[in-house]
Amino acid sequence: MVALTLLTAAASAPPPTVEVSVTALRSAKGQILVCLTTNPKAFPDCSKDTTSVRMAVKAADAGNFAVHAPAAGTYAIAVVHDENSNNKMDTAIFLPKEGFGFSRNPTITVGPPSFKSASFAVAGDMRQSIKMKYML
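Keep in mind the model is a prediction, meaning the values are calculated, not measured. (Residues numbered from 1 in each chain as written. Predicted model: local features only at pLDDT ≥ 70, side-chain atom pairs only at ≥ 80, totals over all residues. Heavy atoms only, no water.)

Asks: Can you help me understand the overall build of the protein in this one?
Replies: A count of helices and strands for the protein gives two helices and 10 strands. Starting at the N terminus, the α and β elements of the protein follow one another as α-β-β-β-β-β-β-β-β-α-β-β. Counting across all 136 residues of the protein, residues that qualify as buried make up 39%. Of all intrachain contacts in the protein linking residues separated by at least 6 positions in sequence, the fraction that spans at least 24 positions is 72%. (Helix = DSSP H or I, 4+ residues; strand = E, 2+ residues; numbered from the N terminus. Buried < 20%, exposed > 50% of the residue type's maximum accessible area, 1.4 Å probe, protein only. Contact = heavy atoms within 4.5 Å.)

Here it is as structure tokens:
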């Protein structure tokens, strides 16, 4: 009976929440496009990952918002400061015109960081602080 009660409690536990704060925004215009994925091949563009969590947050609210992970696991987050609210990252000669950032704030050289350098384990509620970067 005790085992059944524990199993029921575990099955009804809510999915983990990742509290995210995005810092160093150059303006409060537009929105922050957020991608949370467990798929290294879909990082940082979640468009090919049907199990990813994608959302948009008003740039003015980027200081603190929640992303609900589907389950415990290893995740990475990519964010884009979509200043003109066209739901994509704008580029100029292959360079991003809008800001971007990643969980764990890995060093950016040429191209996006690896999933491994941005990934983190989620076993329960946790927090990630992401510093926005701008190239142009």
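So that's the structure; there's more coming.
Asks: Can you walk me through the sheet that holds strand E4 (residues 65–68) in this structure?
Replies: Strand pairing in a sheet is mediated by backbone hydrogen bonds. Such pairs are either parallel or antiparallel. The strand order across the open sheet formed by three strands is E4-E1-E10, and the pairing between neighbours is mixed. With one partner strand each, in any of the chains shown, E4 and strand E10 (126–131) form the two edges of the open sheet. Each adjacent strand pair in this sheet contributes to an overall mean axis angle of 30°, direction not counted. Pairing analysis gives six bridges linking strand E1 (residues 17–23) to E10, with the strands arranged parallel. By the bridge assignment for E10, Val 18 is matched with Met 126. (Pairing = 2+ DSSP bridges. Axes fitted to C-alpha atoms, helices over the stretch in contact; angles between N-to-C directions.)

Asks: Is there a simple way to explain the packing of aromatic side chains in this structure?
Replies: Within the structure shown, the criterion is met by three aromatic pairs. Between Phe 100 and Phe 102 the ring centres are 6.0 Å apart and the planes differ by 55°, which places this aromatic pair in the tilted class. Like Phe 102, Phe 100 is buried. Pairwise contacts between aromatic rings join Phe 43, Phe 100, Phe 102 and Phe 115 into one cluster. (Phe/Tyr/Trp six-rings, centres within 6.5 Å; stacked < 30°, edge-to-face > 60°.)

Asks: Just checking my understanding: could you explain the side chain of Thr 17 for this structure?
Replies: For Thr 17, the position within the fold is in strand E1. Excluding residues within four positions of it along the chain, Thr 17 makes contact with Ala 66, Val 67, His 68, Gly 124, Asp 125 and Met 126.

Asks: Could you clarify how one ought to interpret the side chain of Ser 119 in this entry?
Replies: Structurally, Ser 119 can be placed in the loop between helix H2 (115–118) and strand E9 (120–122). Leave out the neighbours within four places in its chain, and Ser 119 touches Thr 74, Tyr 75, Ala 76 and Arg 104.

Asks: Explain the pairing of strand E2 (residues 31–37) to me, please; I cannot follow it from the model alone.
Replies: For a regular strand, side-chain orientation follows a simple rule: the groups alternate between the two sheet faces. Among the seven residues of E2, seven are classified as buried, and the element is accordingly described as predominantly covered. In this structure, E2 lies alongside strand E5 (residues 73–82), joined through seven bridges in antiparallel fashion. Across the sheet, the residue bridging to Cys 35 is Ala 78, located in E5.

Asks: What is the right way to look at unusual backbone geometry in this model?
Replies: Negative phi characterises most residues that are not glycine, and trans characterises most peptide bonds. The amide bond that connects Phe 43 to the next residue, Pro 44, takes the cis arrangement and shows omega of 5°. As for its placement among the helices and strands, Pro 44 is situated in the loop between E2 and strand E3 (53–58). Look at Ser 85: it is not a glycine, yet its phi comes out positive at around 55°. Following the sequence through the fold, Ser 85 ends up in the loop between E5 and strand E6 (91–92). What makes Ser 85 partly exposed here is its relative accessible area of 40%.

Interpretation in functional terms is not warranted from these geometric data alone.
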